[in-house]
Amino acid sequence: MLHKGARVHGGDYFDDMASKGGGGIYGGMGVEDYDGIRESISPDGLVVTMNCRNCGKQHEVTLEWYELFIVGANNPGLSLMKPKGWEYSQNNGSLYPAHIKCSKCNEGERSLLCPQVTPDEARGHVNSAVSQGLLPVANTQAWGQQVAAYRAANG
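Residues numbered from 1 in each chain as written. Predicted model: local features only at pLDDT ≥ 70, side-chain atom pairs only at ≥ 80, totals over all residues. Heavy atoms only, no water.

Chemist: Looking at this model, I keep getting lost on helix H3 (residues 65-72). Mind explaining?
Modeler: Because each turn of an α-helix spans 3.6 residues, side chains separated by three or four positions in sequence point in the same direction. Burial of H3 is extensive: seven of the eight residues sit out of reach of the surface. Regarding H3, the residues found buried are Trp65, Glu67, Leu68, Phe69, Ile70, Val71 and Gly72. (Buried < 20%, exposed > 50% of the residue type's maximum accessible area, 1.4 Å probe, protein only. Helix = DSSP H or I, 4+ residues; strand = E, 2+ residues; numbered from the N terminus.)

Next up, the structure:
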């Protein structure tokens, strides 16, 4: 109990929110899963291990290298480029795949798995993959030419 002093009958002192064992903001899947999100690099892309926001089932979502390259091609002052099926979060300045659903509950928007990545993070992951030999430099050069052609055609 955080509130010390007289209590008014029916008043809400948010004891449930402050109690670590009782739920509220300190309990439930959200806080526990926040620290449980893990990233690893594979030959196919960045593998993000995360749980469904609706049912809690754990998933591995792979953000492919080409997608991350496109995300990383975004810079201030340039028109936004998004991989197919991805959306932009104005609040976070990040992009995310908006089409991956939970394999267990598949319950509308709450069951979407949306690992968000900023352009800076995407560039860092792509550079790490290249330096570790998981992503051929030739691929990034070809993708860079595609991005340049797109920017030339679309301003």
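Chemist: Would you mind going over the sheet that holds strand S3 (residues 58-64) with me for this structure?
Modeler: If you walk across this open sheet you meet the three strands as S1-S2-S3, and the pairing is antiparallel. Every other strand in the sheet has two partners, leaving strand S1 (38-41) and S3 as the edge strands with one partner each. Neighbour-to-neighbour, the strand axes of this sheet turn through a mean angle of 25 degrees, independent of strand direction. One ladder, built from seven bridges, connects strand S2 (residues 45-51) with S3; its direction is antiparallel. The partner of Gly45 across the bridge, within S3, is Glu64. (Pairing = 2+ DSSP bridges. Axes fitted to C-alpha atoms, helices over the stretch in contact; angles between N-to-C directions.)

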